[in-house]
Amino acid sequence: MKYILDARTVSPHFPGIGRYVINLGAELPGHLETGERLEVLRIPGTPMGFYEGWPEAVRLVDADFSPFSLRQQWQLPRLIKSGSVYHSPYYLMPYRPGIPTVLTLYDLIPILFPETTRIHVRLLFRWMTKLAMRSADQIICISSSTRRDVLAHFQGLDPEKVFNVPLAPAAHFKPQPRTEIHRIQTEYGLPRSFGLYIGINKPHKNLTRLVRAWSQVSTDVPLVIGGAWDPRYPEARITADRLDLVGTGRVRFIGHVTERDLPGLYSACRFFVFPSLYEGFGLPVLEAMACGAQVICAETSGLTEIAGETASYFDPQDTSSIAEAIKKAVSGELSAKNVLDTASQYTWERTAAATLEIYRSIAYNTGHRK
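Residues numbered from 1 in each chain as written. Predicted model: local features only at pLDDT ≥ 70, side-chain atom pairs only at ≥ 80, totals over all residues. Heavy atoms only, no water.

A. Quick peek at the packing of helix α7 (residues 207–215) against helix α12 (residues 319–330). Taken N-terminus to C-terminus, the directions of α7 and α12 make an angle of 60°; their axes are 8 Å apart at the nearest point. If you check the angle between α7 and α12, you find them oblique. For the crossing formed where α7 meets α12, the hand is right-handed. Counting all contacts with α7, which are made through Arg209, Leu210, Arg212, Ala213 and Trp214, the residues of α12 involved are Thr319, Ile322, Ala323 and Ile326. Taken together, the residues of the contact of α7 with α12 break down into six nonpolar, one polar and two charged. (Axes fitted to C-alpha atoms, helices over the stretch in contact; angles between N-to-C directions. Helix = DSSP H or I, 4+ residues; strand = E, 2+ residues; numbered from the N terminus. Parallel < 35°, antiparallel > 145°, perpendicular 65-115°, else oblique. Left-handed = near helix turned anticlockwise from the far one by under 90°. Contact = heavy atoms within 4.5 Å. Nonpolar A, V, L, I, M, F, W, Y, C, P; charged D, E, K, R; others polar.)

B. Just the state of the cysteines, in detail. This structure, assessed with the given rule, holds zero disulfides. Cysteine Cys269 is unpaired, with the sulfur of Cys291 as its nearest cysteine sulfur at 8.7 Å. By relative accessible area, which is 8% here, Cys269 ends up buried. Taking relative accessible area as the criterion, Cys291 reaches 4% and is therefore assigned buried. (Disulfide = S-S within 2.5 Å. Buried < 20%, exposed > 50% of the residue type's maximum accessible area, 1.4 Å probe, protein only.)

C. The arrangement of the packing of aromatic side chains in detail. In the structure shown here, the tally under the stated rule is 16 aromatic pairs. Between Phe68 and Tyr90 the ring centres are 6.3 Å apart and the planes differ by 75°, which places this aromatic pair in the edge-to-face class. Residue Phe68 is located in the loop between β3 (58–62) and α2 (72–80), and its partner Tyr90 is located in the loop between β4 (85–88) and β5 (101–105); the two are separated by 22 residues in the primary sequence. Accessibility expressed as a relative area gives 48% for Phe68, which makes it partly exposed. By relative accessible area, which is 11% here, Tyr90 ends up buried. Residue placement shows Arg126 over the ring face of Phe154; its charged tip is 5.5 Å from the ring centre. (Phe/Tyr/Trp six-rings, centres within 6.5 Å; stacked < 30°, edge-to-face > 60°. Lys NZ or Arg CZ within 6 Å of the ring centre and 35° of its normal.)

D. Broad picture of the environment of Ser321. Within the secondary structure, Ser321 is located in helix α12. Between the C-alpha atom of Ser321 and that of Ala298, which follows or precedes it by 23 residues, the distance is 9.8 Å. Here Ser321 is in contact with Phe314 and Asp315, once residues within four sequence places are set aside.

E. Highlighting α7. Taken together, the buried positions of α7 are Leu207, Thr208, Leu210, Val211, Ala213 and Trp214. At its buried positions, α7 is contacted by β8 (195–198), β9 (223–226), α8 (235–242), β11 (271–274) and α12.

F. Quick peek at the environment of His31. Relative to the elements of secondary structure, His31 occurs in the loop between α1 (15–27) and β2 (37–42). Along the backbone, His31 and Phe271 are 240 residues apart, and their C-alpha atoms lie at a distance of 36 Å. With sequence-adjacent residues up to four places away left out, His31 is seen in contact with Glu36, Glu349, Ala352, Ala353, Leu356 and Arg360. A distance of 3.4 Å separates a polar atom in the side chain of His31 from a polar atom in the side chain of Glu27. (Polar contact = N/O pair within 3.5 Å; in protein donor to acceptor, adjacent residues only side chain to side chain.)

G. Representation of the environment of Leu131 within the structure. By the secondary structure assignment, Leu131 is in helix α4 (residues 119–135). Looking at Leu131, the relative accessible area reads 22%, which means it is partly exposed. Between the C-alpha atom of Leu131 and that of Lys202, which follows or precedes it by 71 residues, the distance is 26 Å.

H. Molecular detail of the sheet that holds strand β10 (residues 251–255). What the six strands build is an open sheet, ordered β10-β9-β8-β11-β12-β13; its pairing is parallel. Each edge of the sheet is formed by a strand with only one pairing partner; in this case those strands are β10 and β13 (312–314). Direction aside, neighbouring strands of the sheet carry axes that sit 25° apart on average. Looking at chain direction, β9 and β10 are connected through four bridges and run parallel. The partner of Val224 across the bridge, within β10, is Arg252. Running over the sheet, α7 touches β8, β9 and β11 and is turned about 165° from β9. (Pairing = 2+ DSSP bridges.)

Encoded structure:
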(Lines give C-alpha, C1' and ligand atoms only; values in the text may rest on other atoms or scores of the structure.)
Protein backbone atom coordinates (compact mmCIF):
# COMPACT_ATOMS: atom_id res chain seq x y z
CA MET A 1 0.00 0.00 0.00
CA LYS A 2 1.31 3.45 -0.93
CA TYR A 3 -0.22 6.47 0.77
CA ILE A 4 0.38 9.90 -0.74
CA LEU A 5 0.31 13.00 1.49
CA ASP A 6 0.10 16.29 -0.42
CA ALA A 7 2.47 18.72 1.33
CA ARG A 8 2.35 21.51 -1.27
CA THR A 9 0.66 23.70 1.35
CA VAL A 10 3.82 23.76 3.47
CA SER A 11 4.48 27.42 2.73
CA PRO A 12 4.06 30.84 4.38
CA HIS A 13 0.82 31.29 2.42
CA PHE A 14 -0.77 28.43 4.39
CA PRO A 15 0.50 28.87 7.97
CA GLY A 16 -2.23 26.82 9.62
CA ILE A 17 -2.65 24.11 6.99
CA GLY A 18 1.12 23.92 6.62
CA ARG A 19 1.52 23.20 10.33
CA TYR A 20 -1.13 20.50 10.08
CA VAL A 21 0.75 18.81 7.23
CA ILE A 22 4.14 19.15 8.94
CA ASN A 23 2.96 17.61 12.20
CA LEU A 24 0.98 14.86 10.48
CA GLY A 25 3.84 14.11 8.08
CA ALA A 26 6.33 13.87 10.93
CA GLU A 27 4.21 11.35 12.83
CA LEU A 28 2.77 9.10 10.11
CA PRO A 29 5.99 7.15 9.33
CA GLY A 30 6.19 5.75 12.84
CA HIS A 31 2.81 4.07 12.36
CA LEU A 32 3.46 2.42 9.00
CA GLU A 33 3.20 -1.35 8.97
CA THR A 34 5.06 -3.89 6.85
CA GLY A 35 4.12 -3.43 3.21
CA GLU A 36 3.02 0.21 3.65
CA ARG A 37 4.84 3.21 2.15
CA LEU A 38 4.36 6.96 2.34
CA GLU A 39 5.05 9.49 -0.41
CA VAL A 40 5.07 13.20 0.38
CA LEU A 41 4.42 15.63 -2.47
CA ARG A 42 6.17 18.98 -2.19
CA ILE A 43 6.88 22.07 -4.27
CA PRO A 44 10.53 21.66 -5.42
CA GLY A 45 12.93 23.39 -3.07
CA THR A 46 10.47 23.60 -0.18
CA PRO A 47 12.31 22.85 3.09
CA MET A 48 10.94 19.74 4.73
CA GLY A 49 12.66 19.78 8.09
CA PHE A 50 10.30 17.11 9.38
CA TYR A 51 11.62 14.69 6.72
CA GLU A 52 14.94 14.04 8.43
CA GLY A 53 15.28 10.65 10.03
CA TRP A 54 12.37 9.05 8.21
CA PRO A 55 12.61 5.35 7.36
CA GLU A 56 13.18 4.00 3.86
CA ALA A 57 9.42 3.52 3.48
CA VAL A 58 9.05 7.29 3.04
CA ARG A 59 9.88 9.17 -0.16
CA LEU A 60 9.74 12.84 -1.18
CA VAL A 61 8.27 13.57 -4.61
CA ASP A 62 8.53 16.97 -6.32
CA ALA A 63 5.33 18.48 -7.77
CA ASP A 64 6.21 21.76 -9.47
CA PHE A 65 2.71 23.28 -9.47
CA SER A 66 0.84 24.98 -6.63
CA PRO A 67 -2.68 24.15 -5.38
CA PHE A 68 -3.80 27.33 -7.18
CA SER A 69 -2.54 26.10 -10.56
CA LEU A 70 -5.02 24.75 -13.10
CA ARG A 71 -2.26 22.39 -14.23
CA GLN A 72 -2.76 20.25 -11.16
CA GLN A 73 -6.05 19.01 -12.59
CA TRP A 74 -4.25 16.89 -15.17
CA GLN A 75 -0.66 16.72 -13.93
CA LEU A 76 -1.22 15.59 -10.36
CA PRO A 77 -3.42 12.57 -11.27
CA ARG A 78 -0.58 11.31 -13.48
CA LEU A 79 1.88 11.80 -10.61
CA ILE A 80 -0.19 9.88 -8.05
CA LYS A 81 -1.71 7.16 -10.24
CA SER A 82 0.43 4.41 -8.69
CA GLY A 83 -0.76 5.26 -5.18
CA SER A 84 -3.33 3.46 -3.06
CA VAL A 85 -4.69 6.59 -1.33
CA TYR A 86 -4.18 10.30 -1.95
CA HIS A 87 -4.64 12.76 0.95
CA SER A 88 -5.36 16.38 0.11
CA PRO A 89 -5.17 18.80 3.07
CA TYR A 90 -6.79 21.56 0.99
CA TYR A 91 -10.01 21.87 -0.97
CA LEU A 92 -8.16 23.13 -4.06
CA MET A 93 -7.12 19.74 -5.42
CA PRO A 94 -7.55 17.57 -8.53
CA TYR A 95 -11.28 16.85 -8.76
CA ARG A 96 -10.74 13.63 -10.73
CA PRO A 97 -7.72 12.29 -8.85
CA GLY A 98 -8.08 8.78 -10.25
CA ILE A 99 -7.33 7.01 -6.95
CA PRO A 100 -9.16 6.81 -3.59
CA THR A 101 -8.91 10.17 -1.84
CA VAL A 102 -9.05 11.67 1.66
CA LEU A 103 -9.83 15.38 2.12
CA THR A 104 -9.25 17.45 5.26
CA LEU A 105 -11.60 20.37 6.06
CA TYR A 106 -10.91 22.88 8.84
CA ASP A 107 -13.77 25.36 8.98
CA LEU A 108 -16.43 27.13 6.91
CA ILE A 109 -15.46 30.72 7.70
CA PRO A 110 -16.22 32.13 4.20
CA ILE A 111 -19.76 30.74 4.51
CA LEU A 112 -20.43 31.45 8.20
CA PHE A 113 -18.73 34.88 8.20
CA PRO A 114 -19.35 36.30 4.73
CA GLU A 115 -18.08 39.74 5.75
CA THR A 116 -14.55 38.34 5.91
CA THR A 117 -14.39 37.51 2.19
CA ARG A 118 -15.48 38.99 -1.12
CA ILE A 119 -18.57 37.53 -2.76
CA HIS A 120 -16.67 35.83 -5.58
CA VAL A 121 -14.35 34.19 -3.03
CA ARG A 122 -17.35 32.91 -1.05
CA LEU A 123 -18.97 31.48 -4.16
CA LEU A 124 -15.74 29.83 -5.29
CA PHE A 125 -15.14 28.43 -1.80
CA ARG A 126 -18.58 26.82 -1.68
CA TRP A 127 -18.34 25.47 -5.22
CA MET A 128 -14.77 24.16 -4.98
CA THR A 129 -15.37 22.66 -1.54
CA LYS A 130 -18.41 20.85 -2.88
CA LEU A 131 -16.37 19.51 -5.80
CA ALA A 132 -13.61 18.38 -3.42
CA MET A 133 -16.08 16.57 -1.15
CA ARG A 134 -17.60 14.83 -4.16
CA SER A 135 -14.14 13.67 -5.23
CA ALA A 136 -13.20 12.39 -1.77
CA ASP A 137 -13.96 8.90 -0.49
CA GLN A 138 -13.55 10.07 3.11
CA ILE A 139 -13.51 13.53 4.69
CA ILE A 140 -11.57 14.44 7.83
CA CYS A 141 -12.90 17.34 9.93
CA ILE A 142 -10.68 18.68 12.70
CA SER A 143 -13.47 18.84 15.28
CA SER A 144 -17.02 17.67 15.91
CA SER A 145 -18.05 21.31 15.52
CA THR A 146 -16.61 21.51 11.99
CA ARG A 147 -18.19 18.16 11.13
CA ARG A 148 -21.62 19.46 12.20
CA ASP A 149 -21.14 22.64 10.16
CA VAL A 150 -20.11 20.69 7.07
CA LEU A 151 -23.11 18.36 7.28
CA ALA A 152 -25.47 21.28 7.93
CA HIS A 153 -24.29 23.44 5.02
CA PHE A 154 -23.71 20.71 2.44
CA GLN A 155 -26.94 18.76 2.54
CA GLY A 156 -26.96 15.36 0.92
CA LEU A 157 -23.44 14.58 2.10
CA ASP A 158 -23.23 11.07 3.54
CA PRO A 159 -22.43 11.40 7.28
CA GLU A 160 -20.71 7.99 7.15
CA LYS A 161 -17.89 9.45 5.05
CA VAL A 162 -17.19 12.41 7.38
CA PHE A 163 -14.86 11.78 10.35
CA ASN A 164 -13.72 13.88 13.30
CA VAL A 165 -9.95 13.65 13.78
CA PRO A 166 -8.79 16.43 16.15
CA LEU A 167 -5.51 18.31 15.98
CA ALA A 168 -2.89 18.48 18.72
CA PRO A 169 -0.15 20.80 19.99
CA ALA A 170 3.29 19.97 18.65
CA ALA A 171 5.70 18.30 21.08
CA HIS A 172 7.71 21.49 21.74
CA PHE A 173 4.66 23.15 23.32
CA LYS A 174 5.35 22.46 26.98
CA PRO A 175 6.12 24.56 30.10
CA GLN A 176 9.40 26.36 29.53
CA PRO A 177 12.25 26.81 32.02
CA ARG A 178 12.81 30.10 33.77
CA THR A 179 15.79 30.90 31.52
CA GLU A 180 13.63 30.71 28.38
CA ILE A 181 10.88 32.80 29.94
CA HIS A 182 13.47 35.43 30.89
CA ARG A 183 14.81 35.43 27.31
CA ILE A 184 11.31 36.01 25.94
CA GLN A 185 10.57 38.81 28.39
CA THR A 186 13.87 40.49 27.55
CA GLU A 187 13.69 40.17 23.77
CA TYR A 188 10.08 41.33 23.56
CA GLY A 189 10.38 43.92 26.32
CA LEU A 190 7.59 42.37 28.37
CA PRO A 191 6.80 42.74 32.07
CA ARG A 192 6.59 39.76 34.39
CA SER A 193 2.78 39.78 34.21
CA PHE A 194 0.74 40.15 31.02
CA GLY A 195 -2.30 38.77 29.24
CA LEU A 196 -1.64 37.21 25.85
CA TYR A 197 -3.47 36.76 22.56
CA ILE A 198 -1.87 34.88 19.67
CA GLY A 199 -3.54 34.71 16.27
CA ILE A 200 -4.35 36.65 13.14
CA ASN A 201 -6.47 39.81 13.20
CA LYS A 202 -9.29 38.78 10.85
CA PRO A 203 -12.78 40.01 11.86
CA HIS A 204 -14.02 36.68 13.27
CA LYS A 205 -11.11 36.75 15.74
CA ASN A 206 -13.01 39.56 17.52
CA LEU A 207 -9.95 41.59 18.52
CA THR A 208 -11.72 44.95 18.46
CA ARG A 209 -14.13 43.83 21.20
CA LEU A 210 -11.19 42.44 23.17
CA VAL A 211 -9.41 45.81 23.01
CA ARG A 212 -12.55 47.66 24.08
CA ALA A 213 -13.07 45.23 26.95
CA TRP A 214 -9.47 45.72 28.09
CA SER A 215 -10.05 49.48 28.22
CA GLN A 216 -12.88 48.88 30.71
CA VAL A 217 -10.62 47.06 33.18
CA SER A 218 -8.56 49.04 35.66
CA THR A 219 -5.25 47.18 35.65
CA ASP A 220 -1.54 47.64 35.09
CA VAL A 221 -1.36 44.22 33.42
CA PRO A 222 -0.93 44.84 29.68
CA LEU A 223 -2.52 42.89 26.84
CA VAL A 224 0.06 41.53 24.41
CA ILE A 225 -1.25 40.80 20.92
CA GLY A 226 0.96 38.67 18.69
CA GLY A 227 0.57 36.89 15.38
CA ALA A 228 0.30 37.53 11.66
CA TRP A 229 -1.23 40.91 10.84
CA ASP A 230 -3.52 41.36 7.83
CA PRO A 231 -3.46 45.06 6.86
CA ARG A 232 -7.00 44.80 5.49
CA TYR A 233 -8.35 44.67 9.05
CA PRO A 234 -6.75 47.48 11.09
CA GLU A 235 -9.76 48.10 13.35
CA ALA A 236 -8.27 46.64 16.54
CA ARG A 237 -5.14 48.76 16.25
CA ILE A 238 -7.16 51.89 15.39
CA THR A 239 -9.42 51.27 18.40
CA ALA A 240 -6.45 50.74 20.72
CA ASP A 241 -4.87 54.01 19.52
CA ARG A 242 -8.12 55.93 19.89
CA LEU A 243 -8.55 54.67 23.47
CA ASP A 244 -4.89 55.58 24.20
CA LEU A 245 -4.09 51.99 25.09
CA VAL A 246 -1.01 51.75 22.88
CA GLY A 247 0.56 55.01 24.00
CA THR A 248 0.16 54.06 27.65
CA GLY A 249 1.48 50.55 27.05
CA ARG A 250 -1.74 48.87 28.16
CA VAL A 251 -2.02 47.10 24.79
CA ARG A 252 1.09 46.00 22.91
CA PHE A 253 1.17 44.71 19.34
CA ILE A 254 4.28 42.56 18.85
CA GLY A 255 3.53 41.24 15.35
CA HIS A 256 4.65 37.89 14.01
CA VAL A 257 6.01 35.45 16.58
CA THR A 258 8.37 32.68 15.48
CA GLU A 259 7.57 29.06 16.22
CA ARG A 260 10.66 28.99 18.45
CA ASP A 261 9.33 31.80 20.66
CA LEU A 262 5.71 30.67 20.99
CA PRO A 263 6.20 28.17 23.85
CA GLY A 264 8.11 30.78 25.84
CA LEU A 265 5.39 33.39 25.35
CA TYR A 266 2.66 30.98 26.38
CA SER A 267 4.69 29.94 29.43
CA ALA A 268 5.45 33.53 30.43
CA CYS A 269 1.92 34.96 30.25
CA ARG A 270 -0.30 35.37 33.29
CA PHE A 271 -3.20 34.06 31.23
CA PHE A 272 -4.13 33.48 27.59
CA VAL A 273 -7.24 35.13 26.15
CA PHE A 274 -8.97 34.03 22.95
CA PRO A 275 -12.15 35.93 22.01
CA SER A 276 -12.77 34.35 18.57
CA LEU A 277 -16.37 34.24 17.37
CA TYR A 278 -15.75 30.98 15.53
CA GLU A 279 -13.05 28.33 15.43
CA GLY A 280 -12.90 25.07 13.58
CA PHE A 281 -10.61 23.88 16.37
CA GLY A 282 -8.76 26.67 18.17
CA LEU A 283 -5.22 25.29 18.30
CA PRO A 284 -3.71 28.34 20.10
CA VAL A 285 -5.90 27.55 23.13
CA LEU A 286 -4.54 24.01 23.27
CA GLU A 287 -0.96 25.18 22.70
CA ALA A 288 -1.30 27.65 25.57
CA MET A 289 -2.65 24.95 27.87
CA ALA A 290 0.16 22.59 26.89
CA CYS A 291 2.57 25.29 28.12
CA GLY A 292 0.72 25.61 31.43
CA ALA A 293 -1.20 28.84 30.73
CA GLN A 294 -4.60 29.45 32.28
CA VAL A 295 -7.13 30.27 29.54
CA ILE A 296 -10.14 32.55 29.25
CA CYS A 297 -11.91 32.25 25.92
CA ALA A 298 -15.12 32.63 23.96
CA GLU A 299 -17.91 30.20 24.70
CA THR A 300 -18.13 28.95 21.12
CA SER A 301 -18.53 25.36 20.00
CA GLY A 302 -15.04 24.68 18.67
CA LEU A 303 -13.38 26.09 21.80
CA THR A 304 -15.65 24.52 24.42
CA GLU A 305 -15.19 21.18 22.66
CA ILE A 306 -11.42 21.11 23.12
CA ALA A 307 -11.02 23.05 26.39
CA GLY A 308 -13.98 21.54 28.22
CA GLU A 309 -14.17 22.55 31.88
CA THR A 310 -10.53 23.62 31.96
CA ALA A 311 -11.01 27.09 30.47
CA SER A 312 -13.06 30.01 31.81
CA TYR A 313 -15.58 31.32 29.29
CA PHE A 314 -17.25 34.58 28.24
CA ASP A 315 -19.82 35.69 25.68
CA PRO A 316 -17.71 36.91 22.73
CA GLN A 317 -20.51 39.15 21.48
CA ASP A 318 -20.73 41.01 24.81
CA THR A 319 -17.90 43.43 25.62
CA SER A 320 -18.97 43.56 29.28
CA SER A 321 -18.78 39.78 29.55
CA ILE A 322 -15.24 39.82 28.14
CA ALA A 323 -14.26 42.62 30.52
CA GLU A 324 -15.62 40.73 33.52
CA ALA A 325 -13.57 37.65 32.58
CA ILE A 326 -10.46 39.81 32.22
CA LYS A 327 -11.06 41.37 35.67
CA LYS A 328 -11.17 37.93 37.27
CA ALA A 329 -8.06 36.84 35.42
CA VAL A 330 -5.92 39.85 36.34
CA SER A 331 -7.10 39.85 39.96
CA GLY A 332 -6.29 36.17 40.40
CA GLU A 333 -9.91 35.14 40.95
CA LEU A 334 -9.72 32.33 38.40
CA SER A 335 -9.55 28.94 40.04
CA ALA A 336 -6.41 27.14 38.86
CA LYS A 337 -7.26 24.41 36.35
CA ASN A 338 -5.12 21.43 35.41
CA VAL A 339 -4.53 22.62 31.87
CA LEU A 340 -1.69 20.16 31.27
CA ASP A 341 -4.03 17.19 31.74
CA THR A 342 -6.47 18.59 29.19
CA ALA A 343 -3.75 19.30 26.65
CA SER A 344 -2.23 15.84 27.09
CA GLN A 345 -5.41 14.26 25.75
CA TYR A 346 -4.50 15.58 22.29
CA THR A 347 -1.38 14.20 20.60
CA TRP A 348 -0.17 14.01 17.02
CA GLU A 349 0.49 10.34 17.61
CA ARG A 350 -3.25 9.80 18.05
CA THR A 351 -4.08 12.08 15.13
CA ALA A 352 -1.68 10.22 12.83
CA ALA A 353 -2.91 6.80 13.96
CA ALA A 354 -6.55 7.76 13.34
CA THR A 355 -5.67 9.26 9.94
CA LEU A 356 -3.76 6.14 8.91
CA GLU A 357 -6.74 3.97 9.84
CA ILE A 358 -8.84 6.03 7.42
CA TYR A 359 -6.23 5.49 4.70
CA ARG A 360 -6.31 1.76 5.34
CA SER A 361 -10.09 1.53 5.36
CA ILE A 362 -10.20 3.10 1.90
CA ALA A 363 -7.23 1.19 0.51
CA TYR A 364 -8.44 -2.22 1.66
CA ASN A 365 -12.18 -1.78 1.16
CA THR A 366 -12.41 0.45 -1.88
CA GLY A 367 -9.34 -0.21 -4.00
CA HIS A 368 -8.41 1.86 -7.04
CA ARG A 369 -11.13 3.66 -8.92
CA LYS A 370 -11.07 3.26 -12.68
